Amino acid sequence: MRGRLNPVRLSDVQGLLRSAFQAPARSIHLPVADAAGRITAARVYSPLTVPATDIAARDGFAVKSHDTLGASARNPVRLPDPQRVNTGNAIPQGYDAVVMIEDVIAEEGGWCTMRSVLPGEHIHPMGVEVRQGDLILPAGHRIRPCDIGVLLSCGVTEVDVLEVRVGLIPTGSEVVPAGEVPGPGGVIESNTAVAAAILGEAGATCTRYGIVADDPGLLREAIERGIRENDLLLVSAGSSAGTRDFTAEIIGDLGEVLVHGIAMKPGKPAIVGRIDGKPVIGIPGYPIAALTATRELALPLLAARGLSPRPPARLSARLAEMVTADPGYDEFVLLRVSWNVDHYVATPIPRGSRTQMALVRANAFLHIPAGSAGLIPEGTMVEVELTGPTEYR
């Protein structure tokens, strides 16, 4: 028989993760077009001046502005030597403005303008976007799609980004890969896919390994490989105290178990260990607990290593029902938040809905820290963290 878990306070575990593991200072070189969502490892400067010369901001004619003085619809002024330009064309030497094509008329074999222009009108001057050596992106910046366009336009084709390699090992003899139909008592593996999506969005490089059966020798080999190839390892399932839960024992054999059991609901059976100086997190097999453990344990580790989890969106809402909690635990209560006349209303998802569909139906959660009152009355205004779009009525 395996012993009962003695859960450690979540805030203490998060503090332990920050202090026990040193962040690796490593970056990789990526093509700019493949760098969306990654975090810049250093400042990025422009190698080019953009635009490299004065260019037309409108279709029309490049002119010398003083040649247009007095022009109007009633008094068109003949242009002595206009040069046809389209938007983005270089302005010829000696010309300082553009007359838009709609303000020009053909007259007696030449061109007349019905509108006068000022020096620089309808021209993008050289370097208006950026000059050679200007800063484009700071270090620690999450690269967005719009950033990719600017980088490429400024002549940057590759960029240094932070890299944290995360390995994810699914375990369980009852688990089958996505695409297969499980037999009686079987389940389709999804926890590592969800965790990889969460951590990948923060900028991590994730590798999902094949499913490992409930065999200590096979699991040991998988963990040894995962530690060799990654900076952080997540092992899905096998973290509880059942007869086929080997994760903690193997982590202890290969390194040390720092924590087995965390005072959070869901996610109590989670493990934090260290092998070869690298963190290993055992996440529970129950999908809602696995997601919670990934968010509360692995994401802070990535943030400590310079990656950039998306800041959560929060809002205040009125509880539609009373909520109870265990004062000795950090609890995360799934909610459905909607707009009602002049305020948001948060309806708890029934605690009996211990399925993945509860995550789909929820669009927020309420974090009740350990040590809080065990009962939050209906009608209380609470701060919630959004996980999806809110409903409007």
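Please refer to the structure higher up on the page.
Structure report, in brief. Everything quoted here is computed from the prediction, not taken from an experiment.

We now examine the sheet that holds strand β8 (residues 97–100). Paired through their backbone hydrogen bonds, the strands of a sheet run either parallel or antiparallel. An order of β7-β5-β8 is seen for the 3 strands of this open sheet, with the pairing classed as antiparallel. Unpaired on one side and paired on the other, β7 (83–85) and β8 mark the two borders of the sheet. Sheet twist, expressed as the average angle between the axes of neighbouring strands with direction ignored, equals 40 degrees. As judged from the 3 bridges shared by strand β5 (residues 60–63) and β7, these two strands associate in the antiparallel manner. By the bridge assignment, Ala62 is partnered in β7 with Gln83.

What tends to happen in soluble globular proteins is that the nonpolar side chains get buried as a cluster. Formed by 39 residues in total, the largest nonpolar core has its most connected members in Val166, Leu199, Leu234, Leu297 and Leu302. Those elements giving two or more residues to this core turn out to be α1 (10–20), β14 (165–170), α3 (191–201), β18 (232–236), β20 (262–265), β22 (278–283), α6 (287–304) and β25 (330–340). A per-element tally of this core places α6 first, with 8 residues. Apart from residues lying up to four places away in sequence, Leu297 is in contact with Leu10, Val13, Leu17, Ile262, Met264, Ala270, Val272 and Ile281.

This next bit is on the side chain of Thr68. Note on placement: Thr68 falls in the loop between β5 and β6 (77–78). Among the residues examined, Thr68 registers a relative accessible area of 0% and is labelled buried. Ignoring sequence-local partners within four residues, the contact set of Thr68 consists of Val63, Leu79, Val99, Thr113, Arg115, Ser116 and Val117.

Before going further, it helps to spend a moment on the pairing of strand β21 (residues 271–275). Burial of β21 is extensive: 4 of the 5 residues sit out of reach of the surface. Here strand β19 (residues 256–260) runs beside β21; their pairing, made up of 4 bridges, is antiparallel. From the neighbouring strand, His260 faces β21, where its bridge partner is Ile271. Across 5 bridges, the pairing between β21 and β22 is antiparallel. Residue pairing for β22: Ile275 is matched across the bridge by Lys278.

Our next topic: the sheet that holds strand β10 (residues 110–113). Strand order across the open sheet formed by 3 strands is β6-β10-β9, with antiparallel pairing between neighbours. At either margin of the open sheet sits one strand with a lone partner, and together these are β6 and β9 (104–107). Where β6 and β10 come together, 2 bridges link them in antiparallel fashion. What sits directly across from Arg78, in β10, is Cys112.

Turning to α3, its buried residues number three or more, namely Asn191, Thr192, Ala195, Ala196, Ile198 and Leu199. Viewed end-on, α3 has its buried residues packed into an arc of 165 degrees, placing them on one side of the element. Looking at the packing, one finds that the buried side of α3 touches β14, β17 (205–208), β18 and α6. Looking one or two places after α3, you find Gly203, whose phi comes out positive at around 110 degrees.

On to unusual backbone geometry, then. Residue Pro51 follows Val50 across a cis peptide bond; omega there is -10 degrees. As for its placement among the helices and strands, Pro51 is situated in the loop between β3 (44–45) and β4 (55–56). Positioned with a positive phi, Glu108 is a non-glycine residue whose angle comes to about 50 degrees. Looking at the element boundaries, Glu108 is found in the loop between β9 and β10.

Conventions used here
- Residues numbered from 1 in each chain as written.
- Predicted model: local features only at pLDDT ≥ 70, side-chain atom pairs only at ≥ 80, totals over all residues.
- Heavy atoms only, no water.
- Pairing = 2+ DSSP bridges.
- Helix = DSSP H or I, 4+ residues; strand = E, 2+ residues; numbered from the N terminus.
- Axes fitted to C-alpha atoms, helices over the stretch in contact; angles between N-to-C directions.
- Core = buried A, V, L, I, M, F, W, Y, C linked by side-chain atoms within 4.5 Å.
- Buried < 20%, exposed > 50% of the residue type's maximum accessible area, 1.4 Å probe, protein only.
- Contact = heavy atoms within 4.5 Å.
- Arc of directions from axis to C-beta.

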